[in-house]
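Observations on the model geometry
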Amino acid sequence: MEKLLKFVKQLEMNVPNYAEQQKAISAANVGWHIEHSLLVFVRIISAMETSDPALYKSSFNLKKLLVYTLNKIPRGRAKAPKIVQPNGDIMPDKLLNNIEAATLKIKALANLHKHHHFDHPYFGKLNLKETNKFLAIHTNHHLKIIRDIMRAG
């Protein structure tokens, strides 16, 4: 949980750069990457909170194994589901509000059972431990893109 909160702080530190963009690195600007990462936290943890731990069943998934082993998501390989795609104008005040929401959701992870879960579109059902790892890998992926955009600018 602390690692995830540190990632949110790193996202927050990039809010002043929300309009920065380098099309050679990403079609989206820094604000989009921040907003998307925050939406992922909020939507995934919300889904976990409403899941029934008794319905969790582990299963093998090669894509998950590769990403979790490498601790890396390859760039440009997957498209974010609509539910976690930012829409409308992305402005600093909106980002800061979503940082607060994501922080509260991350803190709520401490109250979940190890078999609370959510259905990932590529990896299948992820339990609490797997979700924590996914959230770290995913957020780090977008922070790297943000860093590359800022270096190129």
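Everything below is about the structure shown above.
Residues numbered from 1 in each chain as written. Predicted model: local features only at pLDDT ≥ 70, side-chain atom pairs only at ≥ 80, totals over all residues. Heavy atoms only, no water.

So, the overall build of the protein chain
Quick note on the threshold: Each helix corresponds to a stretch of at least 4 residues labelled H or I by DSSP, and each strand to a stretch of at least 2 residues labelled E; elements are numbered beginning at the N terminus. All radius of gyration figures rest on C-alpha atoms, and the globule criterion is 2.2 Å times the number of residues raised to 0.38. Note on classification: 1.4 Å probe, protein chains only; a residue is buried when its accessible area is under 20% of the maximum for its type, exposed when over 50%, partly exposed between these limits. Throughout, a residue-residue contact means that at least one pair of heavy atoms, one from each residue, lies within 4.5 Å. All accessibility values rest on the Shrake-Rupley procedure with a 1.4 Å probe; residue burial counts only the protein chains present in the view. When charges are counted, Lys and Arg are positive and Asp and Glu negative, with His and the chain ends excluded. Here the site of a charge means atom NZ of a Lys, CZ of an Arg, CG of an Asp or CD of a Glu.
When helices and strands are tallied, the protein chain shows 5 helices and 2 strands. Along the protein chain, helices and strands appear, N-terminal first, in the series α-α-α-α-β-β-α. Against the 2.2 N^0.38 benchmark of 15 Å for 153 residues, the protein chain shows a C-alpha radius of gyration of 15 Å, consistent with a compact globule. Projected onto the principal axes, the alpha-carbon positions of the protein chain cover approximately 50 × 30 × 25 Å. Residues classed as buried in the protein chain amount to 41% of the 153 residues present. Taking all contacts inside the protein chain whose residues are at least 6 apart in sequence as the whole, residues at least 24 apart take part in 81%. In the structure as shown, the protein chain presents an accessible area of about 8,700 Å², 56% of it carried by carbon and sulfur atoms. When the 23 positive and 12 negative side-chain charges of the protein chain are each reduced to one mean point, those points stand 10 Å apart.

Some remarks on the packing of aromatic side chains
The following threshold applies: We call Phe, Tyr and Trp rings a pair once their centres come within 6.5 Å, taking the six-membered ring for Trp, and we label the pair stacked below 30 degrees between planes, edge-to-face above 60, and tilted otherwise.
For the coordinates displayed, the defined rule picks out 3 aromatic pairs. Ring geometry for Y68 and F123: centres 6.0 Å apart, planes at 90°, overall edge-to-face. In this pair, Y68 is assigned in helix α3 (residues 62–70) and F123 in the loop between β1 (117–120) and β2 (124–127), connecting sequence segments 55 residues apart. The pair Y68 / F123 is uniform in exposure class, with both members buried. Seen in terms of ring centroids, F118 and F134 are 6.5 Å apart; in terms of plane orientation they differ by 45°. Their pairing is tilted.

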